[in-house]
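# Topology and contacts: notes
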Amino acid sequence: MSSASPFVAHLDTNYVPSSSEIRALQFLIEDRQKILSVFDEKIEALVKGREEHATFVEKHSALLSPIRRIPNDILSLIFLTCLPTPSSSHKRATKLSNSHPAVIISHVCQRWRELSLNTALLWTVIDIDIPGLPDPRECMLYGEMTWWEGRIEAMDEMTRSWISRSANCPLTVAFTGGLSTETRSHVLEPKALDVAVQKVTSIIDALCDVSIRWRSLYLSLDIENERSAVVRFLQVPTSDVPLLENFAVNVVFLSVNFFGRPSSRSISANLSSGAALLQAASLRRLAIGRLWGSPFSLTVDWASLTEISFGALSDLLPPDVDFPLSLLAKCPNLIRCSVTWPSTAPLDEGTLGPASIDLNTHQVRTSNGEILLPRLQILEIRGTEPPPGLASRLHLPSLRQLTLLCTSPSPIVEAESESVVIGLCRKFGDRLTDVTLDSHYYAESTLTQALRYLTNVVSLRLASSSRRPIYSHLARPVADSLLEELTPKYGSFDGAATGGCVDVCGAYSCPKLERFGCRMNHNVRFSEEACARFIESRRIPWKREKAAPQGTVQHQHNPSPTNFPTPARLESVVLAFPSRKPTKNMRQRLEEMDVDLDGMLLITAYKSANSRAGVVTVDDELGLGLSDHDEYVSTVGRSRQTLDGWTLRNA
């Protein structure tokens, strides 16, 4: 087109046109501008036509979406999978709010809304967390009381909606909080306090009115006195909870004077346990956070329970040297047990002697005086470390999972015979597959001896209790030699001579280990080099064994008494280091060592410089509590929500 212009020779130059040439240029531009306008009109028409066709295709293609052809019954099941599942996360994702999965599903389209509202199981978990009354100064300056009342009204409305939409299905109810009116009575107007109590009472009444549908009840209550609104939960009669199978309660008395008065102690003991609810005919799982009264005064059918969890005894109660062994003896059908061992146990003698508990008064015992719990699979002990003689008093043929997260009753125990962990691992180690040990309080020799008994353990955690390590200054650090105990040693690899296998040439512990986690601390100080060697030893070439060429003579190994077991393949590792992130992270180390990381989950955590908590959390079956580790590197493998694996998520 430019060849038709008389100015072609002057284009892209510094030529200055004359007056007559300027007029000629203007005419040329006007002509071509008209042509451009025609093209623009055609392009605009084409774009408009394309958009119309694209919209047509998009809307009609939506009719072919597979989700439209899914029957309602299957779609309802898909909806149910969107609900949060129990996990190690401290966040309660089921709390009533507009971000609840059931609410989000109901806002997608008309069909989904109708279906979700008619899927009663979507609305059967009612989780309520009552916020505390706002500070009086905030009420005056920012109108926080109005915001608080609006939030409570929304909770009340959602509670009644959930109850209505759940139809007649059994309910899971979780309620946290209460009202501290006494501490606000001198700064808030009585009318405002009365309104607050009425609004919270309305929610409680709505829940208690459907107690006949309670299947699971989880209560964490703040109680001022016997007139507190939340007390109604604990006063529901037994006849009104025919379906109740799971009951967990933790009571905090906001007024120490209330519990301290002798006239109130029996009342507070009954309130703290929910005495009437304990007599529910269907009750199978019971958890009481803090015992404000003797557990033996509870009217419970102990023999029907399959799971129990008890917190610490109140310091205001008289010592009970028989607890908790005497309680276990009353529960022959336990499958899972979690107890907080009291500091009042008979520790001075160093063991549990025959006179420590009169087993003849209890329901289950063996011929040699042991407490027999034939179905117990999971045992968790927290609180004070039990006396060494504990293992000799228990007969647990089905035990598979052991957790010991205890504070030490005395400075670090050096003698292996004096440690309860040795006794428990010696007696039950050959049947345990899942073990968690508190590494704060044991000497390296004690942990080493305990690990040698764990011949079938699949998952091992070296964690720490949430309590402050009282005797940490007396501990001798657990060094790399403990990790070396878990690190197999191999001979040279000779594929022609051994058929592609590597022989283990030394003794080591936990040959079936597949999952390992450790939170390093003041006592446990594994180096990254030792951790890398440990992982390498558990990911060795014997798993890369290749088939021998056809016609090759296969060499058969004749087992001898000196042969050591081949280790299981390590699948998951979670490590938390107390140091800052190094220049070379764990993944880089392993890659340089040519370690096969295919299919492996590895999470390595490094503590932040300022130790700020809650930045990043690792949800995992190790439960290492890494909330103060905010830098995560060397992460390989899967990272997803699962009860059987590890999850890396932002807090």
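Basis of the calculations
Residues numbered from 1 in each chain as written. Predicted model: local features only at pLDDT ≥ 70, side-chain atom pairs only at ≥ 80, totals over all residues. Heavy atoms only, no water. Helix = DSSP H or I, 4+ residues; strand = E, 2+ residues; numbered from the N terminus. Buried < 20%, exposed > 50% of the residue type's maximum accessible area, 1.4 Å probe, protein only. Contact = heavy atoms within 4.5 Å. Areas by Shrake-Rupley, 256 points an atom, 1.4 Å probe, with all protein chains shown as cover. Patch = residues over 30% accessible without salt bridge, like charges linked within 9 Å, V, L, I, M, F, W, Y side chains within 5 Å. Salt bridge = Lys/Arg side-chain N within 4 Å of Asp/Glu carboxyl O. Phe/Tyr/Trp six-rings, centres within 6.5 Å; stacked < 30°, edge-to-face > 60°. Lys NZ or Arg CZ within 6 Å of the ring centre and 35° of its normal.

### Brief notes about the overall build of the protein
Looking only at helices and strands, one finds 18 helices and 19 strands in the protein. Within the protein, the proportion of its 651 residues that are buried is 45%. A fraction of 75% describes how many contacts in the protein between residues 6 or more apart in sequence connect residues 24 or more apart. Accessible surface computed for the protein: about 33000 Å², of which carbon and sulfur atoms make up 53%.

### Quick look at a nonpolar patch on the surface
The grouping of Ile35, Phe39, Ile43 and Val47 at the surface amounts to a nonpolar patch, some 360 Å² of accessible area in total. Looking at the secondary structure, you find Phe39 in helix H1 (residues 19–62). A relative accessible area of 47% places Phe39 in the partly exposed class.

### A short note on the packing of aromatic side chains
Within this structure, the stated rule accounts for 6 aromatic pairs. Ring centres 4.9 Å apart and planes at 80° place the aromatic pair Trp123 and Trp162 in the edge-to-face group. Here Trp123, found in the loop between helix H5 (110–117) and strand E1 (125–129), pairs with Trp162, found in helix H7 (residues 144–165); they are 39 residues apart in sequence, far enough to count as distant. With relative accessibility at 0%, the residue Trp123 sits in the buried group. Put simply, the rings of Phe175, Trp214 and Phe233 touch in pairs and so form one group of aromatic residues. Note that Arg165 overlies the ring of Trp123, its terminal NZ or CZ placed 4.7 Å from the centroid.

### Things to note about the pattern of salt bridges
According to the stated counting rule, one finds 18 salt bridges in the structure shown. In this structure, the salt-bridge partner of Arg232 is Asp205, at a minimum N-O distance of 2.7 Å. Of this pair, Arg232 sits in helix H9 (residues 231–234) while Asp205 sits in helix H8 (residues 190–208), placing them 27 residues apart in sequence. Looking at Asp205, the relative accessible area reads 26%, which means it is partly exposed. Put simply, Arg452 and Glu485 hold a salt bridge, and the shortest N to O gap is 3.1 Å. On the criterion of sequence distance, the pair formed by Arg452 in helix H14 (residues 444–452) and Glu485 in helix H15 (residues 480–485) is long-range, its members being 33 residues apart. For Arg452, a relative accessible area of 47% puts it in the partly exposed group. Within this structure, Asp205, Asp209 and Arg232 form a network of salt bridges that share partners.

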